[in-house]
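# Tertiary structure, described
Now for the letters of each chain:
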Amino acid sequence: MTPEPQVAPEVLDFYTQTIDESARLTSSADGKLELVRTQEILRRHLPSSPARVLDVGGGPGIHAQWLVEDGFQVHVIDPVPRHIDQAPETGATAELGDARKLAAPDDSYDVVLLFGPLYHLLDQEDRDRALAEALRVVRPGGLVAAAAIGRYASLFEHVATTLLDVDHVRNAVTDILTTGVHQPGRKGFTASYFHTAEGLAEELSAAGLRDVKVHGIEGPAWAVLKGTEQHTGESVQDTPMFRAALEAARLAEPYPDLLSASSHMLATGTAPA
Ligand SMILES: C[S@@+](CC[C@H](N)C(=O)[O-])C[C@H]1O[C@@H](n2cnc3c(N)ncnc32)[C@H](O)[C@@H]1O
């Protein structure tokens, strides 16, 4: 019998003890930029509400909340019990689960989101399973949208935080640039996979999705926001600097060369009809 997929204990520990994921996209300007841009990109691709959305790796339901407010029926899947306790406060339903083995029946959702699993799954085989499961449960012609962390995000981030002159940070960043992998047991985040834009598009296309498009979420100026908040201790949300970074993300969209300047990318594809 095939064993059930297991989520690494460090993922459970990270989201239970190290950070409160429910505040990540609202407590910093770069987080807010990620939220606003994810909303505006995803809304272009979503069907009319009401429609059924499976939010796989939905965490405490930050995206579920606005999707519910937009009129969608949202079901959150996440392996972290704390998130499954928090998510129903958004009006979504929620269930413990793993992107690699979904309980949902075939063709049962209009939209499947994978905003988290692809960077938490280090092995190509696991990411392929998660995408295959998304394609299995979405209806023919339905939307699959997947988020990834960009290959160069850790380089930009640690310039902003100035931690790049710390040996173990520089070594970890060098490894990510070379291999795409943040190895288990290293500080800062869980083990994770950092995609190139081409690699992300290839994974969605290889899964059988059509019309695959990769969007840069935060654009080229997110690290300016991060660095400014880090070094002044002041929020720059709702300031001209934030609005300029948001505008820069929008202006950068037509230029594939600038995809890798974003911290995150959002890939969309359609299930064959
Ligand atoms: C950074 S959070 C993102 C939460 C939310 N989707 C968002 O975009 O803000 C990543 C999420 O992926 C979840 N995750 C990690 N491994 C997973 C897996 N194998 N299957 C499903 N979700 C997973 C984590 O528990 C966490 O809630």
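My aim in this report is to walk through the structure given alongside it, one point at a time.

Okay, the overall build of the protein chain next. Counting secondary structure elements, the protein chain contains 11 helices and 9 strands. Relative to a compact globule of 273 residues, whose C-alpha radius of gyration would be 19 Å, the protein chain shows 18 Å and is just as compact. C-alpha atoms of the protein chain, sized along the principal axes, occupy 50 × 40 × 35 Å. Burial statistics for the protein chain: of 273 residues in total, 52% are counted as buried. If you take every contact in the protein chain between residues at least 6 apart in sequence, the share linking residues at least 24 apart comes to 71%. Taken as a whole, the protein chain presents about 12,400 Å² of accessible surface, with 53% of it coming from carbon and sulfur. Each charge class in the protein chain was averaged separately, 22 positive and 39 negative side chains, and the resulting centres sit 3 Å apart.

Right, let's talk about the side chain of D55 for a bit. Within the secondary structure layout, D55 lies in strand 1 (residues 52–56). For the buried D55, which has no salt bridge, the nearest side chain bearing the opposite charge is R24, at an N-O separation of 10 Å.

The next point concerns the environment of D20. You can see D20 is positioned in the loop between helix 1 (9–18) and helix 2 (29–45). Taking relative accessible area as the criterion, D20 reaches 33% and is therefore assigned partly exposed. Separated by 62 residues in sequence, D20 and R82 place their C-alpha atoms 9.4 Å apart. For D20, the residues in contact, after removing those within four places along its chain, are R82 and Q86. Within polar-contact distance, the side chain of D20 engages the side chain of S22 at 2.7 Å.

Let's shift gears to the pairing of strand 2 (residues 73–78). Across the 6 residues of strand 2, 5 count as buried, placing the element largely inside the fold. With 5 bridges joining them, strand 1 and strand 2 adopt parallel strand pairing. Bridging from a neighbouring strand, D55 pairs with V76 of strand 2. Crossover connection from strand 1 via helix 3 (residues 62–69) to parallel strand 2: handedness right-handed. Pairing of strand 2 with strand 3 (residues 93–96) involves 4 bridges; the strand directions are parallel. When the sheet's bridge partners are listed, V76 is paired in strand 3 with A94.

Right, let's get into the packing of helix 2 against helix 11 (residues 240–252). Their axes nearest at 11 Å, the elements helix 2 and helix 11 cross at an angle of 40°. Classified by the interaxial angle, the pair formed by helix 2 and helix 11 is oblique. Helix-helix and strand crossings are classified by hand; for helix 2 and helix 11 the assignment is right-handed. Side by side, helix 2 and helix 11 meet where A29, K32, L33, V36, R37 and E40 of the first sit next to F242, A245, L246, A249 and R250 of the second. Here the contact of helix 2 with helix 11 is built from residues that sort into 7 nonpolar, no polar and 4 charged.

Before going further, it helps to examine the pattern of salt bridges. Considering all chains together, one arrives at 21 salt bridges under this definition. Between R82 and D20 there is a salt bridge whose closest N-O contact spans 3.9 Å. Here R82 is found in helix 4 (residues 81–86), whereas its partner D20 is found in the loop between helix 1 and helix 2, with 62 residues between them in sequence. On the basis of relative accessibility, which here comes to 27%, the residue R82 falls in the partly exposed class. Measuring nitrogen to oxygen at the nearest pair gives 2.7 Å for the salt bridge that ties E253 to R37. Separated by 216 residues along the polypeptide, E253 in the loop between helix 11 and strand 9 (264–270) and R37 in helix 2 bring together distant segments of the chain. For E253, a relative accessible area of 30% translates into the label partly exposed. What makes R37 buried here is its relative accessible area of 0%. One network of salt bridges, with partners in common, ties together R37, E40, R44, E247, R250 and E253.

Cut-offs applied
Residues numbered from 1 in each chain as written. Predicted model: local features only at pLDDT ≥ 70, side-chain atom pairs only at ≥ 80, totals over all residues. Heavy atoms only, no water. Helix = DSSP H or I, 4+ residues; strand = E, 2+ residues; numbered from the N terminus. Rg over C-alpha atoms; globule rule 2.2 N^0.38 Å. Buried < 20%, exposed > 50% of the residue type's maximum accessible area, 1.4 Å probe, protein only. Contact = heavy atoms within 4.5 Å. Areas by Shrake-Rupley, 256 points an atom, 1.4 Å probe, with all protein chains shown as cover. Lys, Arg positive; Asp, Glu negative; His and termini not counted. Charge placed at Lys NZ, Arg CZ, Asp CG, Glu CD. Salt bridge = Lys/Arg side-chain N within 4 Å of Asp/Glu carboxyl O. Polar contact = N/O pair within 3.5 Å; in protein donor to acceptor, adjacent residues only side chain to side chain. Pairing = 2+ DSSP bridges. Right-handed = clockwise from strand over helix to strand, strands pointing away. Axes fitted to C-alpha atoms, helices over the stretch in contact; angles between N-to-C directions. Parallel < 35°, antiparallel > 145°, perpendicular 65-115°, else oblique. Left-handed = near helix turned anticlockwise from the far one by under 90°. Nonpolar A, V, L, I, M, F, W, Y, C, P; charged D, E, K, R; others polar.

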